[in-house]
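Results of the structural survey
For reference, the chains in residue letters:
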Amino acid sequence: MSTPAELVQLLNAVSRGDRVAFEQLYTATRAKLYGVVLRILRRHDLADEVIQEVYLKIWSGAGQFNPGLASPITWMVTIARNRAIDLVRKRAEVSIEEEPEAMDVAADLPNPLARRELAEEVRRLMGCIERLEPERQSLVLLAYRNGWSREQLAAKLGKPVNTIKTWLRRSLLEIRECLGS
Amino acid sequence: MTVNEDREALAAEYVLGTLDADEIARVQLMLETDPPFATLVHAWEKKLGELHHIVEPVEPPAHVWRRIVARLDGTPAEGGAEIVDLTKRLRRWRSVAMLSGALAASLLLFVAVKETAPHLLPAPLRPAERFVAVLQEGNGSPGFVMTVDLRSKSFSVRPVGSGAAPAGRSYQMWFVHPTFAGGPRSLGVFTDRVPDIAATLAQYPPEIVNNATYAVSIEPLGGSPTGSPTGPVPYHGKLIDLDR
C-alpha cells in the first residue's frame, strides 16, 4: 500500500485523466477495496461487477476528492462500501447464509503489537471501540465489516431489532464522545 | 430522542452501513438536499473511516482490471471525464427530446440552450419568473417535467412517457429545502391524474420554491403511510431559472 501522500498525488493525476496514474492507484488499492466489497457481497461475481463500477466512479470523480474531509483510502473505501451496501440491500436474494467464522470477531481487533504499527487515528478509534461492552464491540465491527442491516445483526446476535437499534445508537454516540475527548 | 439525535444517529448508521434500503434512499435524498446533514455524514465518514483496517485485503481476479480498461476505452479517450460528461448530457437531452414529444422537447431544448449558451436566446424569449425542473433518474433518464410561473402562481408537473408507477405502487412527489427540519414534504400522490402541487407550493415563498429540490419516490399504493418518503427515490431535480 502506498502512503496517503502518494495516493493523493495519484488521485490528483487521475483527476487530470492520467491513465498511468489510474493503473498505479488501482494496483495500490485494489486488494483493500475488493476485500471490503467481497466481505459485504460474499459473491465473487457481484464483487467483480461492483469493484468495476467503483473504480470507474473513482476515475470520473477523482476531482471531487477533498483531502480535508478524508484520507484517500477512506474516501475510496467509502465509495466502495456505499455501492456494495446499496446493492446488497436491494437484492433480497442475497440471504445471510450461516457463516460461523463471522462471529469470531475477536480476531478482527488488531492485537496490541500490530496496533503499534497503525496510525494514530486508527489506534484512537480502536481504543474507543474497545471501551464499549464486549457484545457491542462485536455489533459495531460486524456491522462495519459485513455490511449487515439491523435485522441481520438481530438475527445473528439473537436479539430483538429494537435492542440492536438502541445498542447501535448508544455505541455510536459513545464512540463520538470518546473520540471527541 | 430529539430530532438532532435522530439525525446524528441516521448519519452514523448510514456510514456504519446498518440502514435498510428505504432509509438509504432517504439519506441519499437528504445528502443531495440538506447540506448540514451532509456535513454530519462526512464527519462520521471521517470518524469511522479507519475501520477498514479490520477488513482483510483480497486480491481481485485479473479480469477485473481488463474490464475496467475496456469500459474506459468504450468512452471517448481524449479529455477524460469532462467530455464523457458532456456526451452523456447530450445523450440525456436527446433521449428527453425523443421521449417527451414536441412540446417538452422544445422546452428542454430551450433549457439546454439556456444552460450552455444563454446569449443565443433573444430577450423576448426570456419570460420573467419562469422555471423548469426535469426530474431525472441517476442515469439521466427523465421521469417528470415540472414548470413554475411565479407571476401567475401556476405550478404543474407531468410525467414524461407513461408515468406509470410499478404495479401496486404509487409515485409520490416531494420537495425538500435545507430549512425543512423534518425532511421532505409531500406535494401529493400521482393517481390517474397528476397531483395538484400548486395547492401546496403557493403557500411557500419564492426563495423556498426556487431553491428546493423536487423528487418523486415509489410508495405503497395511495402514498406514503408515514408522511415521509419510505421507498426508493428514483427521480429528482432542481428548478432552473429561465430568466437569467
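Residues numbered from 1 in each chain as written. Chains lettered and ligands numbered in written order. Predicted model: local features only at pLDDT ≥ 70, side-chain atom pairs only at ≥ 80, totals over all residues.

All right, on to the overall build of chain B then. A count of helices and strands for chain B gives seven helices and eight strands. Looking at chain B as a whole, 35% of its 244 residues qualify as buried. Here the analysis covers contacts within chain B between residues at least 6 apart in sequence; of these, 60% occur between residues at least 24 apart. (Helix = DSSP H or I, 4+ residues; strand = E, 2+ residues; numbered from the N terminus. Buried ≥ 20, exposed ≤ 12 C-beta atoms within 10 Å, placed from the backbone. Contact = placed C-beta atoms within 7 Å.)

Glancing now at the overall build of chain A. A tally of regular secondary structure across chain A gives nine helices and zero strands. Beginning at the N terminus, the succession of helices and strands in chain A can be written as α-α-α-α-α-α-α-α-α. Counting across all 181 residues of chain A, residues that qualify as buried make up 36%.

Across the contact, 37 residues belong to chain B and 50 residues belong to chain A. Put simply, the parts of the chain that give the side of chain B that touches chain A at least two residues each are α1 (3-16), α2 (21-33), α3 (35-48), α4 (62-73) and α5 (81-116) of chain B. The element that contributes the greatest number of residues to the side of chain B that touches chain A is α4(B), accounting for six residues. Grouping the amino acids of the side of chain B that touches chain A by side-chain chemistry returns 19 nonpolar, eight polar and 10 charged. (Nonpolar A, V, L, I, M, F, W, Y, C, P; charged D, E, K, R; others polar.)

Below, the discussion takes up the nonpolar core. Note that soluble globular proteins tend to have their nonpolar side chains buried in a common cluster. Within the largest apolar cluster, 64 residues are counted, with the highest numbers of intra-cluster contacts made by B:A11 and B:L135. B:A11 has contacts with B:F37, B:L40, B:V41 and B:W44, leaving out every residue within four places of it along the chain. Core analysis: the next-biggest nonpolar cluster, separate from the first, contains 34 residues, A:L33, A:I58, A:F65 and A:I73 among them. (Core = buried A, V, L, I, M, F, W, Y, C linked by C-beta atoms within 7 Å.)

We now examine the pairing of strand β6 (residues 213-220) of chain B. Residues and elements named next belong to chain B. Most of β6 is tucked away, with seven of its eight residues classed as buried. By the bridge criterion, eight bridges tie strand β4 (residues 169-176) to β6 in an arrangement that is antiparallel. Within β6, the residue paired with V176 across the bridge is T213. Pairing geometry for β6 and strand β7 (residues 235-238), over four bridges, is antiparallel. Its bridge partner lying in β7, A215 is registered against H236. (Pairing = 2+ DSSP bridges.)

What follows is about helix α7 (residues 134-146) of chain A. Counted at 1.5 Å a residue, the expected span for α7(A) with its 13 residues is 18 Å, and the 18 Å between its end C-alpha atoms agrees. Buried within α7(A) are the following residues: A:S138, A:L139, A:V140, A:L141, A:L142, A:A143, A:Y144, A:R145 and A:N146. Structurally, α7(A) contributes buried residues whose contacts are with α2 (19-41), α6 (120-130), α8 (150-157) and α9 (161-180) of chain A together with α1 and α3 of chain B. Of the residues trailing α7(A), A:G147 is marked for its positive phi of about 65 degrees. (Expected span 1.5 Å × (residues − 1).)

Another aspect to go through is the pairing of strand β2 (residues 142-149) of chain B. Residues and elements named next belong to chain B. The element β2 is extensively covered by neighbouring structure, given that six of its eight residues are classed as buried. In terms of strand pairing, β2 meets strand β3 (residues 154-159) through six bridges, oriented antiparallel. Counterpart to M146 in the pairing with β3 is V157. Between β2 and β3, which pair antiparallel one after the other, the connecting turn spans four residues, and K153 there sits at a positive phi close to 55 degrees.

Residues and elements named next belong to chain A. Averaged over every residue, the pLDDT of chain A is 85; residues scoring 70 or more account for 84%. Looking across chain A, the model is least confident in helix α5 (residues 112-116), with a mean pLDDT of 48, and most confident in α2, with 96. Counting contacts from residues 98-107, a segment whose pLDDT is below 50, to residues more than four positions away or on other chains yields five contacts. (pLDDT = per-residue confidence, 0-100.)

It is worth spelling out the confidence of the model for chain B at this point. Residues and elements named next belong to chain B. Of all residues in chain B, 74% have pLDDT values of 70 or greater, and the mean over the chain is 77. Within chain B, α5 has the poorest average pLDDT of any element, 50, and α4 the best, 93. In the predicted structure, residues 76-87 sits below a pLDDT of 50 and forms 10 contacts with residues beyond four places in sequence or in another chain. In this model residues 122-128 is a low-confidence stretch, pLDDT under 50, and it forms six contacts with partners more than four residues away in sequence or in other chains. Across the assembled chains, the prediction reports ipTM 0.88 with pTM 0.61.

Turning to α1(B), a few remarks are in order. Over its 14 residues, α1(B) runs 20 Å from end to end, which matches the ideal 20 Å to within 8%, given 1.5 Å per residue. B:E8, B:L10, B:A11, B:A12, B:E13, B:Y14, B:V15 and B:L16 are the residues of α1(B) that are buried. On its buried face, α1(B) is in contact with α7 and α9 of chain A together with α2 and α3 of chain B. Two residues or fewer past α1(B), B:G17 is found with a positive phi of approximately 105 degrees.

To continue, consider the environment of B:E13. Its place among the elements puts B:E13 in helix α1. What makes B:E13 buried here is the crowd of 22 C-beta atoms within 10 Å. Apart from residues no more than four positions distant in its own chain, B:E13 is found in contact with A:L168, B:T18 and B:L19.

In this structure, A:R42 takes a positive phi of about 55 degrees despite not being glycine. Considering the arrangement of structural elements, one finds A:R42 in the loop between α2 and α3 (44-61).

Residues and elements named next belong to chain A. Put simply, α3 and helix α4 (residues 72-90) touch, their axes get as near as 10 Å, and they point 135 degrees apart. Classified by the interaxial angle, the pair formed by α3 and α4 is oblique. As for the relative orientation of α3 and α4, their crossing is right-handed in sense. Across the interface between the two elements, L46, V50, E53, V54, K57 and I58 of α3 pack against M76, I79, A80, R83, A84 and L87 of α4. Counted by class, the contact of α3 with α4 contains nine nonpolar, no polar and three charged residues. (Axes fitted to C-alpha atoms, helices over the stretch in contact; angles between N-to-C directions. Parallel < 35°, antiparallel > 145°, perpendicular 65-115°, else oblique. Left-handed = near helix turned anticlockwise from the far one by under 90°.)

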